[in-house]
Amino acid sequence: MAVKAPSDEVQRVICLALDAAFYRTVYEDIGEAGDALRHYAFEGWREGRDPAPWFSARRYLAANPDIAKAGWEPLHHYLTRGRFEGRDVYPSDHAHGYFARRLQRGEAASWSAEALIAPLPAQAPVPAPAPVAPAGDPAAEDRALVAKAFDAAFYLGTNPDIGAAGVDPLAHFLVTGWREGRDPSPRFSVRDYLETYPDIAQAGINPFVHYLRTGRIEGRAPRHDLGFRYEILATLVPIEERVARAAAASAGVKRGAASALAQALAVSRTGLKDLHITLSHDDYTANLGGVQLCLQREAARIAGLGRDHLHIHPAAAWPVVRTRGEPGVLGVVWNGEPVGFYSAAT
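Predicted model only: the values in this text are computed from it and were never measured.

Here is what the cut-offs are and how they apply
- Residues numbered from 1 in each chain as written.
- Predicted model: local features only at pLDDT ≥ 70, side-chain atom pairs only at ≥ 80, totals over all residues.
- Heavy atoms only, no water.
- Buried < 20%, exposed > 50% of the residue type's maximum accessible area, 1.4 Å probe, protein only.
- Helix = DSSP H or I, 4+ residues; strand = E, 2+ residues; numbered from the N terminus.
- Polar contact = N/O pair within 3.5 Å; in protein donor to acceptor, adjacent residues only side chain to side chain.
- Core = buried A, V, L, I, M, F, W, Y, C linked by side-chain atoms within 4.5 Å.
- Patch = residues over 30% accessible without salt bridge, like charges linked within 9 Å, V, L, I, M, F, W, Y side chains within 5 Å.
- Areas by Shrake-Rupley, 256 points an atom, 1.4 Å probe, with all protein chains shown as cover.
- Salt bridge = Lys/Arg side-chain N within 4 Å of Asp/Glu carboxyl O.
- Pairing = 2+ DSSP bridges.
- Axes fitted to C-alpha atoms, helices over the stretch in contact; angles between N-to-C directions.
- Contact = heavy atoms within 4.5 Å.
- Phe/Tyr/Trp six-rings, centres within 6.5 Å; stacked < 30°, edge-to-face > 60°.

K.L.:
Could you clarify how one ought to interpret helix H3 (residues 36-44) in this entry?
P.N.:
In an α-helix, one turn spans 3.6 residues, which is why side chains three or four residues apart end up on the same side. Listed as buried for H3 are Ala36, Leu37, His39, Tyr40, Ala41 and Gly44. One side-chain oxygen at the N-terminal end of H3 lies 3.3 Å from the backbone nitrogen of Leu37; it belongs to Asp35.

K.L.:
Quick question: what am I supposed to make of the nonpolar core here?
P.N.:
One broad trend across soluble globular proteins is that nonpolar side chains are buried collectively. One finds Ile14, Tyr40, Trp54, Phe55, Leu75 and Tyr78 to be the most contacted residues of the largest nonpolar core, which totals 26 residues. Of all elements in the fold, only helix H1 (8-14), H3, helix H4 (57-63) and helix H6 (74-82) reach the threshold of two or more residues within this core. Per element, the largest residue contribution to this core is four residues, and it comes from H3. In terms of nonpolar packing, the next biggest core, distinct from the first, is built from 19 residues, Tyr155, Leu170, Tyr197 and Tyr211 among them.

K.L.:
Teacher, can you tell me more about a nonpolar patch on the surface here?
P.N.:
On the surface, a nonpolar cluster with roughly 320 Å² of combined accessible area is contributed by Ile232, Leu233 and Leu236. Within the fold, Leu233 resides in helix H15 (residues 228-234). Exposure remark for Leu233: the relative accessible area of 61% places this residue in the exposed category.

K.L.:
What's the story with unusual backbone geometry in this structure? I'm lost.
P.N.:
In most cases, non-glycine residues show a negative phi, while peptide bonds are predominantly trans. Phi angles above zero are rare outside glycine, and Leu272 is one such case at about 65 degrees. Note on Leu272: relative accessible area 45%, which makes it partly exposed. The phi angle at Asn335 is positive, at roughly 50 degrees, despite the residue not being glycine. By the element assignment, Asn335 lies in the loop between strand E3 (330-334) and strand E4 (337-342).

K.L.:
Explain the pattern of salt bridges to me, please; I cannot follow it from the model alone.
P.N.:
Charged atoms that come close allow side chains of opposite charge to pair. The final tally for this structure, using the stated rule, is 14 salt bridges. In this structure, Arg58 engages Asp93 in a salt bridge whose closest nitrogen and oxygen atoms are separated by 2.8 Å. Of this pair, Arg58 sits in helix H4 while Asp93 sits in the loop between H6 and helix H7 (95-104), and the two are 35 residues apart along the sequence. Using a relative accessible area of 45% as the deciding quantity, one classes Arg58 as partly exposed. Residue classification places Asp93 among the partly exposed residues on the basis of a relative accessible area of 46%. Measuring nitrogen to oxygen at the nearest pair gives 2.8 Å for the salt bridge that ties Glu218 to Arg220. The exposure class assigned to Glu218 is partly exposed, which follows from its relative accessible area of 49%.

K.L.:
Before we go on, may I ask you to explain the sheet that holds strand E1 (residues 275-279) in this structure?
P.N.:
Each strand in a sheet pairs with another by means of backbone hydrogen bonds, the pair being arranged parallel or else antiparallel. Strand order in the open sheet formed by four strands is E1-E2-E3-E4, with mixed pairing between adjacent strands. Only two strands of the sheet have a single neighbouring strand rather than two, namely E1 and E4. Sheet twist, expressed as the mean angle between neighbouring strand axes with direction ignored, is 20 degrees. In this fold helix H17 (residues 258-265) packs onto strand E2 (308-314), E3 and E4, with an angle of close to 160 degrees to the strand it touches most, E4.

K.L.:
I would appreciate a short explanation of the environment of Arg216 in the present structure.
P.N.:
By the secondary structure assignment, Arg216 is in the loop between helix H14 (207-215) and H15. Here Arg216 falls in the partly exposed class, since its relative accessible area comes to 47%. At 3.1 Å, the side chain of Arg216 forms a polar contact with the backbone oxygen of Leu212.

K.L.:
Explain the environment of Gly328 here, please?
P.N.:
Counting through the fold element by element, Gly328 comes out in the loop between E2 and E3. On the basis of relative accessible area, Gly328 is assigned to the partly exposed category, the value being 24%. Note: C-alpha distance between Gly328 and Ala344 (16 residues apart in sequence) is 6.5 Å.

K.L.:
Looking at this model, I keep getting lost on the pairing of E3. Mind explaining?
P.N.:
Remember that side chains alternate between the two faces of the sheet whenever the strand is regular. Most of E3 is tucked away, with four of its five residues classed as buried. Across five bridges, E2 lies against E3 in antiparallel orientation. Bridge pairing in E3 places Leu310 opposite Trp334. Where E3 meets E4, four bridges bridge the pair, whose relative direction is antiparallel. Its bridge partner lying in E4, Leu330 is registered against Tyr342. The loop that links E3 with its antiparallel partner E4 comprises two residues; one of these, Asn335, has a positive phi angle of about 50 degrees.

K.L.:
Teacher, can you tell me more about the packing of aromatic side chains here?
P.N.:
Geometrically, a pair of aromatic rings is defined through the distance of the ring centres and the angle of the planes. In this structure the tally under the stated criterion is 16 aromatic pairs. Their ring planes at 55 degrees and their centres at 5.2 Å tell us that Phe150 and Tyr155 sit as a pair that is tilted. Taken individually, Phe150 and Tyr155 each receive the classification buried, so the pair is uniform in this respect. An angle of 80 degrees between the planes, with centres 6.0 Å apart, marks the rings of Phe173 and Phe208 as edge-to-face.

Here it is in structure tokens:
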């Protein structure tokens, strides 16, 4: 059967899980400035390329011929259906070499996604005996209860800072994550539950623990489904407060010297003779979204043409037009690489 081109929905789902650094490192033919997401979504997975060290597209399709027959992109299937159906995934054949190269550069991985997936059958490790918790230990009981419903892949995907810190996602959620409003799964909203049931918020109880233990039996809803418009309205703050936050964030940014910027711009594709300039509201290399994806594709095209690309963005997002005297620190991305923050005058 004919395979349809990936929709925007497919790219939106897989963009959080695709490891662009891994993809560009392992598949050097797409180039450092190549759009890893677009390449993988449109052709990479059909060529047997893997989107991340922890996921082998080829093995997933081989283990699930029904998905291969349907022409379903494997990572999207796993994230939206496969993991809920109990389907196994296996590490990429390139994972070991990739992490070895990172180690040589002094960039050891701070956490291992392999802990979240099934190991290769021939390499299945012997699990260490689980520690025995004291009888009646509330923390151990909560952990055992939550572990059955906790979605570690979702938690790490929506909270990349937890993965970067090398923290056990379940332990983080139980200790501080729920207090910070971080959700344990796509089916449960910490904030919705506490807002809907103020008695739970007043009691200082972990809302997910309460829901799993008694809330669902009582018919309490795990989240509301009023849509993104409700989320926007529920989190609105006065414009004066938003400006104050932006000003504080911008003022705290360390500014680089003019000499540092000149040194960065000196490494040019054209000697600054053929310059393409873009501007947006944030750093397209560090954030995800529609505008950022367009800029990534534009940057790849500019690089393919051999031109220089200067991208400028506010160091901190600003909610309104600045007035005279307000800080206006700008971030600079040069040929796809962030090169620091500078004053507008610099």
